Amino acid sequence: MALKAGDSVPSATITVDSPGNHVDIKDVVKGKKTLLVGVVGAFTPTCNNQIPSFVKQADALKAKGVDQIACITVNDAFVCKEWGKILQAEDKVRILADDQCNFAKAAGLEVEALAGLLGNVRSGRYMMLVNDGKVEKLSVEADPSKVTCTDVDTAKSWL
């Protein structure tokens with residue numbers, strides 16, 4: 001069953017900052033207001049166009065009460081680290097590695113149809129506002145190749 005507003009973020013092991021640094025995503029969002037953007041894959045064209053606006057608008061989002069902005073993708077920590085460097089996301093948007101698709105599957109937000117194109121099951125494209133582990137808002141793209149309800153302007157309208 002897919003995650004929805006009002007639900008708690010499910011427990012799922014992800015990798016943060018470096019390989020081997022495995023944490024439960026519940027600990028990442030605990031005690032914080034987090035804007036979490038789920039993307040199909042680092043370096044994919046749509047994701048490369050979507051995430052830079054969150055980097056550019058990070059200060060404005062934080063001024064509206066967001067403690068952290070994070071992007072989560074089904075890629076390994078090495079890929080996530082390099083993508084973060086290229087996006088110049090360092091202190092603005094955390095790039096989280098859902099390398100085993102644990103969170104996407106636990107949240108019911110995985111997309112198996114992309115496995116043939118990208119090599120394995122991937123995360124769908126979504127955005128959620130999480131307050132101390134509770135999902136307050138959630139938008140999921142019907143077509144993960146498009147950004148219609150997971151953009152920075154939608155995020156601003158939530159705050």
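Above: the structure in question.
Residues numbered from 1 in each chain as written. Predicted model: local features only at pLDDT ≥ 70, side-chain atom pairs only at ≥ 80, totals over all residues. Heavy atoms only, no water.

(A) Fine view of helix α2 (residues 45–56). Those residues of α2 not exposed but buried are C47, Q50, I51, F54 and V55. Down the axis of α2, the buried set is contained in an arc of 140°. They therefore lie on one face. Facing away from the buried side of α2 by more than 90 degrees, the exposed set consists of P45, N49 and K56. (Buried < 20%, exposed > 50% of the residue type's maximum accessible area, 1.4 Å probe, protein only. Helix = DSSP H or I, 4+ residues; strand = E, 2+ residues; numbered from the N terminus. Arc of directions from axis to C-beta.)

(B) Highlighting the environment of L36. With respect to the helices and strands, the residue L36 is situated in strand β3 (residues 33–39). C-alpha separation for the pair L36 and I69, spaced 33 residues apart in sequence, amounts to 6.1 Å. If sequence neighbours within four positions are ignored, L36 has contacts with I25, A70, I72, L96, F103, Y126, M127 and M128. (Contact = heavy atoms within 4.5 Å.)

(C) How the structure looks around the sheet that holds strand β2 (residues 22–24). One open sheet holds the seven strands; their spatial order is β2-β1-β5-β4-β3-β8-β9, and the pairing between them is mixed. Of all strands in the sheet, those with a lone pairing partner are β2 and β9 (134–140), marking the two edges. Strand-to-strand twist of the sheet, defined as the mean angle between neighbouring strand axes without regard to direction, takes the value 30°. Running at roughly 165° to β3, α2 makes contact with β3, β4 (68–73) and β8 (126–131) of the sheet. Against the sheet, helix α4 (residues 77–87) touches β1 (13–16), β3, β4 and β5 (94–97), its axis set at about 160° to β5. (Pairing = 2+ DSSP bridges. Axes fitted to C-alpha atoms, helices over the stretch in contact; angles between N-to-C directions.)

(D) Structural detail: the pairing of β3. Of all seven residues in β3, six are buried, a share of seventy percent or more. Across six bridges, β3 lies against β8 in antiparallel orientation. From the neighbouring strand, G38 faces β8, where its bridge partner is Y126. One ladder, built from six bridges, connects β3 with β4; its direction is parallel. Note that in β4 the partner of T34 across the bridge is Q68.

(E) Broad picture of the packing of aromatic side chains. Taken as a whole and assessed by the stated rule, the structure comprises one aromatic pair. With a centroid separation of 6.3 Å and an interplanar angle of 50°, the aromatic rings of F43 and W83 are classed as tilted. A residue pair is termed long-range when its members are at least 10 positions apart, and F43 in the loop between β3 and α2 and W83 in helix α4 qualify at 40 residues. The exposure class assigned to F43 is partly exposed, which follows from its relative accessible area of 39%. Judged by its relative accessible area of 0%, W83 falls in the buried class. (Phe/Tyr/Trp six-rings, centres within 6.5 Å; stacked < 30°, edge-to-face > 60°.)

(F) How the structure looks around the layout of surface pockets. Its volume calculated, the largest pocket comes out at about 230 Å³. Around the largest pocket, the lining is made up of 16 residues, and of these D17, C80, K81, G84 and I95 lie nearest the centre. When residues of the lining of the largest pocket are traced back to their parent elements, those giving at least two are β1, α4 and β5. When residues of the lining of the largest pocket are assigned to their parent elements, the largest contribution, five residues, is made by α4. Each residue belonging to the lining of the largest pocket can be placed in one class, and the counts come to eight nonpolar, three polar and five charged. (1 Å grid on protein atoms, 1.4 Å probe; cavity = no way out; pocket = protein on both sides within 12 Å on 5 of 7 lines; lining within 4 Å. Points joined across faces, edges and corners; volume = space filled by probe spheres on them. Nonpolar A, V, L, I, M, F, W, Y, C, P; charged D, E, K, R; others polar.)

(G) Fine view of the pairing of β4. Burial within β4 is extensive, with six of its six residues counted as buried. As paired elements, β4 and β5 share four bridges and run parallel to each other. Each bridged residue has a counterpart across the sheet, and for A70 the counterpart in β5 is R94. Running through α4, the crossover from β4 to the neighbouring parallel element β5 is right-handed. (Right-handed = clockwise from strand over helix to strand, strands pointing away.)

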